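What follows is each chain in one-letter form.
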Amino acid sequence: MTQDSTLSVTFEKRGAVALVTLNRPQALNSFTRQMHHDLWAAFDQAEADPEIRAVVLTGAGRGFCAGADLSEFDFTPGPDMVKRADPGPIIDQAFNPSTRRIQSLRMPIIAAVNGVAAGAGASIAMACDIAIASPNASFIQAFSKIGLIPDAGSSWLLVERLGMPRALALAMTGDKLGAQQAKEWGVIWDVADDALAAAMAMAEKLAVMPTKALVATRKLMMGAHTRSLSEQLDQERDAQSALGKTHDYFEGVKAFLEKRPAQFKGE
């Protein structure tokens, strides 16, 4: 996959950073089934390249992602319409795998939210390790407006980041959350006039850091709420023991003792 404007997801290598762009601007980058497959292919391409140590995910045009492309649902009248219009299969086969794929990447991923992130688009942005939004970006839990519930991880991610009162109100009302308020409430990391440039700068910073330690940090923190403190202490011990066998651990300690910048390899 390359930077081909005809693809629903494009891939561009910029040094140690992979820029992955959702590329259906005419539909605010709403997801089709094929778009999920193209996204996974882009992630596969990034992970297959040992030089790539961070990913930036953004959207083409004026939106980040408007969620599912509802035109793919078949509401043609007929005896099996309910079965054909059932959103469960596409969630199981496409949206859930995309969220899990983001969370299992071998390198950090930063979302550059350049415009509206609605429905599952907001879920995808929150699933990334760090999200930076442009001032005109917004986050909308649009599910209630079509009689559904937050999916692709939003019902979990919203509660984790906002607490129950704010999460439940946003999910029920479907009201728009502006970028600045999203930052203040903890949905995203930052707001920047040029979200893509800021995300690229963050990715470049992370790309020269100890990649395995960053990903292990993600895994530990995302699972922390399911464990007691005692259980988390054991998880930390095991993670530290595993990381203590890596090149970057030895390089980091040696560089500290020698009072020089560390040269991490992500190994």
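Whatever comes next refers back to the structure up there.
Worth saying up front: this structure is predicted, and the values here are computed from it rather than measured.

Caption draft 1: Spatial organisation of the packing of helix H3 (residues 88–103) against helix H4 (residues 120–127). At a minimum axis separation of 9 Å, H3 and H4 run at an interaxial angle of 20 degrees. Looking at the two axes, H3 sits roughly parallel to H4. When the axes of H3 and H4 are compared, the crossing they make is right-handed. Judged by residue contacts, Phe 95, Ser 98, Thr 99, Ile 102 and Gln 103 of H3 engage Ala 120, Ile 124 and Ala 127 from H4. Along the lines of polarity and charge, the residues of the contact of H3 with H4 split into 5 nonpolar, 3 polar and no charged.

Caption draft 2: Geometry of the side chain of Ser 98. Residue placement: Ser 98 occurs in helix H3. Exposure remark for Ser 98: the relative accessible area of 0% places this residue in the buried category. Not counting residues within four places of it along the chain, the set of residues in contact with Ser 98 comprises His 36, Leu 39, Trp 40 and Ile 124.

Caption draft 3: Region of the structure containing empty space enclosed by the protein. On inspection of all chains with the given rule, the structure shows 1 cavity of 30 Å³ or more. In terms of lining, the largest cavity is formed by Ala 122, Met 126, Phe 139, Ile 140, Gln 141, Leu 158, Leu 170, Leu 177 and Val 187. Secondary structure elements with two or more residues in the lining of the largest cavity: H4 and strand S8 (138–140). Tallied by class, residues from the lining of the largest cavity come to 8 nonpolar, 1 polar and no charged.

Caption draft 4: Representation of the nonpolar core within the structure. Leu 39, Leu 57, Phe 64, Val 113 and Phe 139 are the most contacted members of the largest nonpolar core, which has 51 residues in total. Grouped together as the second largest cluster of nonpolar side chains are 15 residues, Val 56, Ile 110, Ile 132 and Ala 203 included.

Caption draft 5: Geometry of the pairing of strand S3 (residues 54–59). Most of S3 sits inside the fold, with 6 of its 6 residues counted as buried. Of the two faces of S3, the one holding Ala 54, Val 56 and Thr 58 and the one holding Val 55, Leu 57 and Gly 59 are both buried throughout. Following the backbone out of strand S2 (residues 17–22), through helix H1 (residues 33–48) and into the adjacent parallel S3, one traces a crossover that is right-handed.

Caption draft 6: Expanded view of the layout of surface pockets. In this structure, the largest pocket spans a volume of roughly 610 Å³. Lining of the largest pocket is provided by 22 residues; of these, Cys 128, Asp 129, Ile 130, Arg 161 and Met 221 occupy positions nearest its centre. Take the lining of the largest pocket: its biggest share by element is 6 residues, from helix H9 (residues 211–222). Taken together, the residues of the lining of the largest pocket break down into 15 nonpolar, 3 polar and 4 charged.

Caption draft 7: Focus on helix H5 (residues 154–162). Ser 154, Leu 157, Leu 158 and Leu 162 are the residues of H5 that are buried. Buried residues of H5 fall within an arc of 100 degrees about the axis and therefore sit on the same side. Elements in contact with the buried residues of H5: H4, helix H6 (164–173), helix H7 (179–185) and H9. Residue Gly 163 follows H5 closely and has a positive phi angle near 85 degrees.

Caption draft 8: The arrangement of the environment of Gly 67 in detail. Assignment of secondary structure puts Gly 67 in the loop between strand S4 (63–65) and helix H2 (81–84). As a C-alpha pair, Gly 67 and Leu 28 span 39 residues in sequence and 8.7 Å in three-dimensional space. Those residues in contact with Gly 67 that lie beyond four places of it in its chain are Ser 30, Phe 31, Phe 95, Ala 118, Ala 120 and Gly 121.

Caption draft 9: Fine view of the sheet that holds strand S6 (residues 116–118). Taken in spatial order, the 4 strands make up an open sheet running S4-S6-S8-S9, and their pairing is mixed. Edge strands, defined here as strands with exactly one partner in the open sheet, are S4 and strand S9 (176–178). For this sheet, the mean angle separating the axes of adjacent strands, direction not counted, is 20 degrees. Set on the sheet, H4 makes contact with S4, S6 and S8; between it and S6 the angle comes to about 105 degrees.

Rules used throughout
Residues numbered from 1 in each chain as written. Predicted model: local features only at pLDDT ≥ 70, side-chain atom pairs only at ≥ 80, totals over all residues. Heavy atoms only, no water. Axes fitted to C-alpha atoms, helices over the stretch in contact; angles between N-to-C directions. Helix = DSSP H or I, 4+ residues; strand = E, 2+ residues; numbered from the N terminus. Parallel < 35°, antiparallel > 145°, perpendicular 65-115°, else oblique. Left-handed = near helix turned anticlockwise from the far one by under 90°. Contact = heavy atoms within 4.5 Å. Nonpolar A, V, L, I, M, F, W, Y, C, P; charged D, E, K, R; others polar. Buried < 20%, exposed > 50% of the residue type's maximum accessible area, 1.4 Å probe, protein only. 1 Å grid on protein atoms, 1.4 Å probe; cavity = no way out; pocket = protein on both sides within 12 Å on 5 of 7 lines; lining within 4 Å. Points joined across faces, edges and corners; volume = space filled by probe spheres on them. Core = buried A, V, L, I, M, F, W, Y, C linked by side-chain atoms within 4.5 Å. Right-handed = clockwise from strand over helix to strand, strands pointing away. Arc of directions from axis to C-beta. Pairing = 2+ DSSP bridges.

Any functional reading would require information beyond the geometric quantities listed.
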